[in-house]
Amino acid sequence: RRTGLGSGMPTSAAAASLPLRAELRRLIAAGDCPAAEALLERERPGLLQSSPTALVHLRCLHLTRLVGSGTVLEAVKYAQEQVYPALYGGEGGAAVWALDAKREWGGEVGHKRARAS
């Protein structure tokens, strides 16, 4: 998303979001995706629910870091309790529709939903 001149977003609003964006980058780079998710919920309530794909990306990134660190049981529990619901129901269930549409219909919004089996 472009900010600043010619973007439709006032430069002051873009500048005001820089500290939040910098902190999010720092948390994600440090591998603390749950803290990044909590920060977004605190500073921009409802943003992740309105952009479920972002929620899924954050949770999948954390899942891959858990697996990579060798904490397999913790990773399985996290996948069951956080990633799966974000993909197939609850707070981010629409993300799976968006991902399927992008992959199978060239970005058009479709009505096909991935099977949960």
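In what follows, the structure referred to is the one given above.
### Observations concerning the overall build of the protein chain
Part 1: When helices and strands are tallied, the protein chain shows six helices and zero strands.
Part 2: The order of helices and strands in the protein chain, counted from the N terminus, is α-α-α-α-α-α.
Part 3: Considering the protein chain as a whole, with its 117 residues, one finds that 27% of them fall into the buried category.
Part 4: Residue pairs at least 24 apart in sequence account for 33% of intrachain contacts in the protein chain once pairs closer than 6 positions are excluded.

### Structural notes on the environment of C33
Part 1: Examined against the element boundaries, C33 turns out to sit in helix α2 (residues 33-43).
Part 2: Of the residues examined, C33 reaches a relative accessible area of 2% and is grouped as buried.
Part 3: Spatially, the C-alpha atom of C33 lies 9.3 Å from that of C60, the residues being 27 residues apart in sequence.

### Let's talk about helix α5 (residues 72-88)
Part 1: The sharpest bend along α5 reaches about 40° and sits at A79.
Part 2: Three or more residues of α5 are buried, namely A75, Y78, V83, A86 and L87.

### Considering helix α4 (residues 52-68)
Three or four residues apart is the spacing at which side chains of an α-helix point the same way, because the helix has 3.6 residues per turn.
Part 1: Along its 17 residues, α4 runs 24 Å from first to last C-alpha, staying within 8% of the 24 Å computed at 1.5 Å per residue.
Part 2: Where α4 is concerned, the buried positions are P52, L55, V56, L58, R59, H62, L63 and L66. For α4, the angular spread of buried residues about the axis comes to 165°, placing them on one side. Every exposed residue of α4 that faces more than 90 degrees away from the buried side is listed here: H57, T64 and G68.
Part 3: A positive phi of about 90° marks G70, the residue just after α4.

### Regarding the pattern of salt bridges
Part 1: Under the defined criterion, the tally for this structure stands at three salt bridges.
Part 2: Between R26 and E23 there is a salt bridge, with the nearest N and O atoms lying 2.7 Å from each other. Of this pair, R26 and E23 are both found in helix α1 (residues 11-29), three residues apart, which corresponds to roughly one turn of the helix.
Part 3: Residue class for E23 comes out partly exposed when judged on its relative accessible area of 29%.

### Focus: the packing of α2 against α4
Part 1: For the pair α2 and α4, the least separation of the axes is 9 Å and the interaxial angle reads 160°. Considered as vectors, α2 and α4 are oriented roughly antiparallel to each other. α4 is crossed by α2, and the crossing has left-handed handedness. Each of C33, P34, A36, E37 and L40 in α2 lies in contact with α4, whose residues at this interface are L55, L58, R59, L61, H62 and R65.
Part 2: Residue composition of the contact of α2 with α4, grouped by class: seven nonpolar, one polar and three charged.

The rules we used
Counting of residues starts from 1 at the beginning of each chain's written sequence and follows it residue by residue. The model is predicted, so local features are restricted to residues of pLDDT at least 70 and side-chain atom pairs to those at 80 or more, both for listing and for counting; the totals for chains, interfaces and linings are taken over all residues. Computation of side-chain values covers all heavy atoms of the structure but excludes hydrogens and water. Put simply, DSSP marks the helices as runs of H or I at least four residues long and the strands as runs of E at least two long, and each gets a number from the N terminus on. The buried label goes to any residue with under 20% of its type's maximum accessible area, the exposed label to any with over 50%, and the partly exposed label to all in between, with areas taken from a 1.4 Å probe on protein chains only. Whether two residues are in contact is decided by their heavy atoms, any of which lying within 4.5 Å being enough. The bend reported for a residue corresponds to the angle between axes fitted to the seven residues ending at that residue and the seven starting there. Here the expected length of a helix is defined as 1.5 Å per residue gap, with one fewer gap than residues. Here the arc refers to the directions that run from the helix axis out to each C-beta atom. For salt bridges, the criterion is a side-chain nitrogen of Lys or Arg within 4 Å of an Asp or Glu carboxyl oxygen. Angles shown run from 0 to 180 degrees and are taken between the N-to-C directions of axes, each axis being a line fitted to C-alpha atoms and, for helices, limited to the stretch in contact. Angles below 35 degrees are treated as roughly parallel, those above 145 as roughly antiparallel, those between 65 and 115 as roughly perpendicular, and all remaining angles as oblique. Less than a right angle of anticlockwise turn of the near helix away from the far helix marks a crossing as left-handed, whereas a clockwise turn marks it as right-handed. In this classification, Asp, Glu, Lys and Arg are treated as charged, Ala, Val, Leu, Ile, Met, Phe, Trp, Tyr, Cys and Pro as nonpolar, and every other residue, Gly included, as polar.

In short, shape yes, function no, at least from these values alone.
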